[in-house]
Amino acid sequence: RLHMMGRGNLVKCLQKVDTFLIRNIGTNVALQEERDGCKSLYAVQAERLDQAERSVLISCNSRTNEKKFLKFLSTHGNIKKYFFYESYGTHAVVEFANRESVASLFEITTIPSISHESLVPFKSRLLTLRNLGLDNLPNQLSGQQSHSQTTIPINQLIQNLSGEESMDQQIISLTKAFQLTEENSRLRFLVCSLLKDIAAAFFPECTIKPFGSSVNGFGKLGCDLDMFLDLDGISGRDTKLLKLGMSLEYQMKMANSERAVTQSILTVIGECVDQFGPGCVGVQKILNARCPLVRFAHQPSGFQCDLTANNRVAMKSTELLYLYGELDPRVRYLVFTVRCWARAQGITSSIPGAWISNFSLTVMVLFFLQKRSPPIIPTVDQLRDLAGPADKSVIEGNDCTFVSDFSKIQLQSNTETLEQLLCEFFEFYSTFAFKRMSINIRKGKEQNKPEVSPLHIQNPFETTLNISKNVNATQLDRFVAVCQESSWLVQQNKKPTPSAGIKGNAFAPWGLSSLLLPSQVEGIKRKGKKRKWEPASDRIKNLLESLKNKNQ
Ligand code: CTP
Ligand code: MG
């Protein structure tokens, strides 16, 4: 039969087979490979923190001669990895093979001589390269590319996506363009490690760990850096060593509550970061929030930082999100795409307010994936039932137990494509009974709302809390309206085929790229009138036509 087909048909047939394999078998092979090489977040963090402890951050000139620079540093020990990046000037991150190399580097590092100002003599691993014989040639760093820490502009992204072959490919490309890079991830751990050096002045056994989108697998370049000051290394050792029937204990200051302790620790560390932390600017202590924190900008990395303490439940929910993202590659792709779509549509914002947060949005995607038939991911209760004795975790009375051994998790064979899932996501939330129901990823089923907030998403661990309590009715209505609009748009804007007569229009927005264009939804009527969304109108069709024409 293949012989009789002719070359053209054979190619078409093979392409179909290829698409089928990518869709069905490809997903499963990729899935198996990813799960085989899967590390728990705990293991990833330990490895990254160790790398960070052996690293230094050096501000240097873009005309620095890379070879000479490396030769100079190598005299202090083997360099395991290094890279350059731009953020308020050129910087280098250098990871030595051993910690002793950092100590050796410190021995030759001097205190700057400044004539008109005075210095806070706090020494850290944030250094400046003074380069006496700068080479005249510009960009000596060209041997190694200087890594960008920002994403491409949205217009550029829309154009790039329009050139892709399929919507699945668009979703994969978007994730690749926006996800955290290896370098950005290293830099995040290095900033944690630099801050740990400040906190360690008081608490030598402490660690500072990143949580939230920096490590849950769903972080986009430029996302904030959430950090958690972990003092468990101090309180963990509580077995009494009895010798001759005697033991010793430390005298310690008491406070009224855990919260009061957290507040006093953050007050002092926040003050130190403000007064002594090189590169830390705009420090704000937000101690009366439900979760007290210190917010500041770390200039050499360009990160907006939130430092919290005693926030172990958030660390657990980060682990849970990470696990879901590792179970099936479609989870990360879909969460990423929905997060980017929501940002482009103004559903989420970098400013805190009554909008849906990225965390809430992620839980909404997970819930949707649990509701597929068959489900793509298990419920939190199912993950808890698979847990072994070592996984048991109860934090402040909340059961945060779930399985840590990924190989124990059996997934069902759902072969839906990314395109199908994204379209179904919009459909699902276009018609979800937000008025009556609460989203619950513990059960994988909607539950009756226990309170009146417009959007109710149960916190998976602190089950009496609503993670989207901040969201008001207007923002929820907008979310639903944009889901409806996107659902319609994606049906209308299939990939243009040459036969459709759209000549020279390869880059007209279609599929995912049409969903990233600013929304036309504005028809939410207020002031006593019933809220209502105006269905897809001619206005949208005209807009799309004009965009297509523009690109011709
Ligand atoms: N968190 C939580 N309950 C909330 C809000 C946040 O448990 N009501 C935890 C989640 O683990 C979340 C982390 O705190 O991932 C950080 O919160 P946030 O910075 O708001 O979300 P990110 O996931 O980091 O997303 P973004 O990229 O917007 O920072
Ligand atoms: Mg965050």
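Note that the structure is predicted; figures quoted are calculated from it, not measured. (Residues numbered from 1 in each chain as written. Chains lettered and ligands numbered in written order. Predicted model: local features only at pLDDT ≥ 70, side-chain atom pairs only at ≥ 80, totals over all residues. Heavy atoms only, no water.)

(A) View of the coordination of the magnesium ion (ligand 2). Surrounding the magnesium ion (ligand 2) are the protein donor atoms Asp224 (OD) and Asp226 (OD), which sit 2.1 to 2.2 Å from the metal. Asp224 sits in the partly exposed class, given a relative accessible area of 28%. On the accessibility criterion, Asp226 (13% relative accessible area) is buried. (Donors = N, O, S within 2.8 Å, 3.2 Å for Na, K, Ca; no water. Buried < 20%, exposed > 50% of the residue type's maximum accessible area, 1.4 Å probe, protein only.)

(B) Summary view of unusual backbone geometry. Here the residue pair Ser373 and Pro374 is connected by a cis peptide bond, since its omega of -5 degrees sits within 30 degrees of zero. Note on placement: Pro374 falls in the loop between helix 13 (358–370) and helix 14 (380–385). You will see that Asn310, though not glycine, has its phi angle at about 50 degrees, which is positive. In this structure, Asn310 sits in the loop between strand 10 (303–309) and helix 11 (312–327). By relative accessible area, which is 29% here, Asn310 ends up partly exposed. Its identity is not glycine, yet Glu396 carries a phi of approximately 45 degrees, on the positive side. (Helix = DSSP H or I, 4+ residues; strand = E, 2+ residues; numbered from the N terminus.)

(C) Representation of the site of ligand 1 in the model. Neighbouring ligand 1 are 13 residues; Ser213, Asp224, Asp226, Ser317 and Asn358 lie closest to it. In the model, an oxygen atom of ligand 1 is placed 3.0 Å from a nitrogen or oxygen of the Asp226 side chain. A distance of 3.3 Å separates an oxygen atom of ligand 1 from a polar side-chain atom of Arg339. Across the complex, the protein chains shield 76% of the 570 Å² of accessible surface that ligand 1 would expose by itself. At the level of secondary structure, the elements contributing two or more residues to the shell around ligand 1 comprise helix 11 and helix 13. Broken down by element, the shell around ligand 1 gets its largest block of residues, three residues, from helix 11. Partitioning the shell around ligand 1 into residue classes produces four nonpolar, six polar and three charged. (Near = heavy atom within 4 Å. Polar contact = N/O pair within 3.5 Å; in protein donor to acceptor, adjacent residues only side chain to side chain. Areas by Shrake-Rupley, 256 points an atom, 1.4 Å probe, with all protein chains shown as cover. Nonpolar A, V, L, I, M, F, W, Y, C, P; charged D, E, K, R; others polar.)

(D) Inspection of a nonpolar patch on the surface at higher detail. A cluster of nonpolar side chains, contributed by Ile111, Ile114 and Leu119, occupies part of the molecular surface with about 270 Å² of accessible area. Structurally, Ile111 is set in the loop between helix 5 (99–108) and strand 4 (126–128). By relative accessible area, Ile111 is classed as exposed at 52%. (Patch = residues over 30% accessible without salt bridge, like charges linked within 9 Å, V, L, I, M, F, W, Y side chains within 5 Å. Salt bridge = Lys/Arg side-chain N within 4 Å of Asp/Glu carboxyl O.)

(E) Examining the packing of aromatic side chains more closely. If you walk through the whole model with that rule in mind, you get 22 aromatic pairs. Arranged with centres 5.7 Å apart and planes meeting at 45 degrees, the rings of Phe69 and Phe84 form a pair that is tilted. With a gap of 15 residues between them, Phe69 in helix 4 (residues 66–74) and Phe84 in strand 2 (residues 79–86) connect regions that are remote in the sequence. The class of Phe69 is buried, set by a relative accessible area of 3%. (Phe/Tyr/Trp six-rings, centres within 6.5 Å; stacked < 30°, edge-to-face > 60°.)

(F) Molecular detail of the packing of helix 11 against helix 13. At a minimum axis distance of 12 Å, the contact between helix 11 and helix 13 shows a crossing angle of 45 degrees. Classified by the angle their axes make, helix 11 and helix 13 are oblique. Considering how the two elements wind past one another, helix 11 and helix 13 form a crossing that is left-handed. Across the interface between the two elements, Ser317, Leu321 and Tyr324 from helix 11 touch Phe359, Thr362, Leu366 and Gln370 from helix 13. The class makeup of the residues in the contact of helix 11 with helix 13 is four nonpolar, three polar and no charged. (Axes fitted to C-alpha atoms, helices over the stretch in contact; angles between N-to-C directions. Parallel < 35°, antiparallel > 145°, perpendicular 65-115°, else oblique. Left-handed = near helix turned anticlockwise from the far one by under 90°. Contact = heavy atoms within 4.5 Å.)

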